[in-house]
Amino acid sequence: MQFNSNDSVSSLQSEINITPLVDVVLVLLIIFMVVVPLLMEGYDVDIPRASADTSAQVVESQLILSIGSAACPMFGPPAGEGIPKNCQVTLADQKIAAAELPARVASILGRRPAEQRALFLAVDDRLNYEGVLRIIDLAKSAVDDLKIEFVAAN
Amino acid sequence: MRLGEPARIQAAINITPLADVVLVLLIIFMVMAPQMRKGPDVNLPNTTKPNSQGDERGRILVSIDEAGGLWINDRPVAPEHFDETLRAAVGAEPNPRVVIRGDAKLNFRQVREAMVAVEQAGFRGVGLIAKRSGAEGK
């Protein structure tokens, strides 16, 4: 780049060109201003309306996952990542280890059309919220567009 | 510019002060961003693959703090006033959506009661906000 094309004697330029730096920083500033405080991540869930009528045909195809406090004793936030090894859940009346959940849910719901992929959760009230979310996370991990609905635990 | 030399016209704008100001603004935003959130400090549950819940604007934030206290947006609410406060928070919003920010230490009953209350106020479906494992922020 020639700075002083009209000068016969080119003088040394001692300053760093900070224009590209300013460009980058301005863009970073805009990104931080607009994006950072506003994005959230989480899980969409439903609670069936108390008045909603459940026809027999719908009930038949419901896949119910129950998480009880006896089989899955998570009363405090689980340490580290994932869920404790001793956690067992009941999927469609079968007791399975929580770690098997993605494969089982995928094998049952994977064949269904997308709008029928729903998992009904019956969760014990005493369980820790973070543990419950991690089980939802696990159940959703293998199936796309899985709808989660909470039903009353019995 | 050397002394004694005839001053040349400088064609470039001196942007060094601009750069200073912008850098300071950037630092302010980086530091302030986590505190700009509405609502109380909630230690969100860690999960591996939460889905995007989109922009915080246009969502109604129901927060449940560690002690089980309910908040709507940035105000604490008594459970008996939850319904009317939630409806007031919606206002004329055409397509309102409620998200629940529950603390990781809560038990499921407290979150379920909030979900039931949201549902009784006339909303179908809520988002349960989590934090991606290893991600910074609250």
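Residues numbered from 1 in each chain as written. Chains lettered and ligands numbered in written order. Predicted model: local features only at pLDDT ≥ 70, side-chain atom pairs only at ≥ 80, totals over all residues.

Trainee: I keep staring at the overall build of chain B and nothing clicks. Help me out?
Mentor: On a plain count of helices and strands, chain B comes out with three helices and seven strands. When burial is assessed residue by residue, chain B has 27% of its 138 residues classed as buried. Contacts in chain B between residues at least 24 apart in sequence constitute 71% of all its contacts with a sequence separation of at least 6. (Helix = DSSP H or I, 4+ residues; strand = E, 2+ residues; numbered from the N terminus. Buried ≥ 20, exposed ≤ 12 C-beta atoms within 10 Å, placed from the backbone. Contact = placed C-beta atoms within 7 Å.)

Trainee: Hey, could you run me through the overall build of chain A in this one?
Mentor: On a plain count of helices and strands, chain A comes out with four helices and six strands. Listing each helix as α and each strand as β along chain A from the N terminus yields α-β-α-β-β-β-α-β-α-β. With 154 residues in all, chain A has 24% of them scored as buried. The long-range fraction of contacts in chain A, counting pairs at least 24 apart against all pairs at least 6 apart in sequence, stands at 75%.

Trainee: Help me out: how do you make sense of the environment of Arg104 of chain A in this one?
Mentor: All names here are of chain A. With respect to the helices and strands, the residue Arg104 is situated in helix H3 (residues 101-109). Its 19 C-beta neighbours within 10 Å are what place Arg104 among the partly exposed residues. Between the C-alpha atom of Arg104 and that of Thr90, which follows or precedes it by 14 residues, the distance is 11 Å. Beyond its immediate stretch of four places on either side in the chain, Arg104 contacts Leu91 and Ile96.

Trainee: What am I meant to see in the interface of chain A and chain B here?
Mentor: By a frequent convention, interface size equals the accessible area lost on bringing the separate parts together. Between chain A and chain B, the residue contacts involve 38 residues of the former and 47 residues of the latter. Those elements giving two or more residues to the side of chain A that touches chain B turn out to be helix H1 (19-34), strand S1 (39-46) and helix H4 (129-141) of chain A. Per-element tally for the side of chain A that touches chain B: the top contributor is H1 of chain A, with nine residues. For the side of chain A that touches chain B, the residue count by class is 24 nonpolar, four polar and ten charged. In this sheet, strand S7 (residues 126-132) of chain B lies alongside S1 of chain A in antiparallel orientation, the contact comprising five bridges. Across the sheet, the residue bridging to Gly42 of chain A is Ile129 of chain B, located in S7 of chain B. (Nonpolar A, V, L, I, M, F, W, Y, C, P; charged D, E, K, R; others polar. Pairing = 2+ DSSP bridges.)

Trainee: How should the packing of H1 of chain A against helix H1 (residues 16-32) of chain B be read in this particular structure?
Mentor: In a packed pair of helices, the relevant descriptors are the angle between the two axes and the axis-to-axis distance. Here H1 of chain A crosses H1 of chain B at 30°, and the two axes come no closer than 9 Å. On the basis of their axis angle, the class for H1 of chain A and H1 of chain B is roughly parallel. In the packing of H1 of chain A onto H1 of chain B, the handedness of the crossing is left-handed. Seen from H1 of chain A, the contacting residues are Leu21, Val22, Val25, Leu26, Leu28, Leu29, Phe32 and Met33 of chain A; seen from H1 of chain B, they are Leu18, Ala19, Val22, Leu23, Leu25, Leu26, Phe29 and Met30 of chain B. A per-class count over the contact of H1 of chain A with H1 of chain B returns 16 nonpolar, no polar and no charged. (Axes fitted to C-alpha atoms, helices over the stretch in contact; angles between N-to-C directions. Parallel < 35°, antiparallel > 145°, perpendicular 65-115°, else oblique. Left-handed = near helix turned anticlockwise from the far one by under 90°.)

Trainee: Hey, could you run me through the nonpolar core in this one?
Mentor: In summary, soluble globular proteins display a tendency toward joint burial of nonpolar side chains. One finds Val89, Val132, Ile135 and Ala139 of chain A together with Val62 and Ile100 of chain B to be the most contacted residues of the largest nonpolar core, which totals 52 residues. Here this core takes seven residues from H4 of chain A, the largest share from any one element. (Core = buried A, V, L, I, M, F, W, Y, C linked by C-beta atoms within 7 Å.)

Trainee: Mind showing me how you'd approach the environment of His81 of chain B here?
Mentor: Residues and elements named next belong to chain B. Within the secondary structure layout, His81 lies in the loop between strand S5 (75-77) and helix H2 (82-90). Using a count of 12 C-beta atoms within 10 Å as the deciding quantity, one classes His81 as exposed. For the pair His81 and Glu119, spaced 38 residues apart in the sequence, the C-alpha separation amounts to 15 Å.

Trainee: What's the story with the confidence of the model for chain A in this structure? I'm lost.
Mentor: For any part of a model where pLDDT is low, the fine detail of the predicted coordinates should not be relied upon. Residues at a pLDDT of 70 or more form 81% of chain A, whose mean pLDDT is 76. The weakest mean pLDDT in chain A belongs to helix H2 (residues 56-61) of chain A at 56; the strongest belongs to H4 of chain A at 86. (pLDDT = per-residue confidence, 0-100.)

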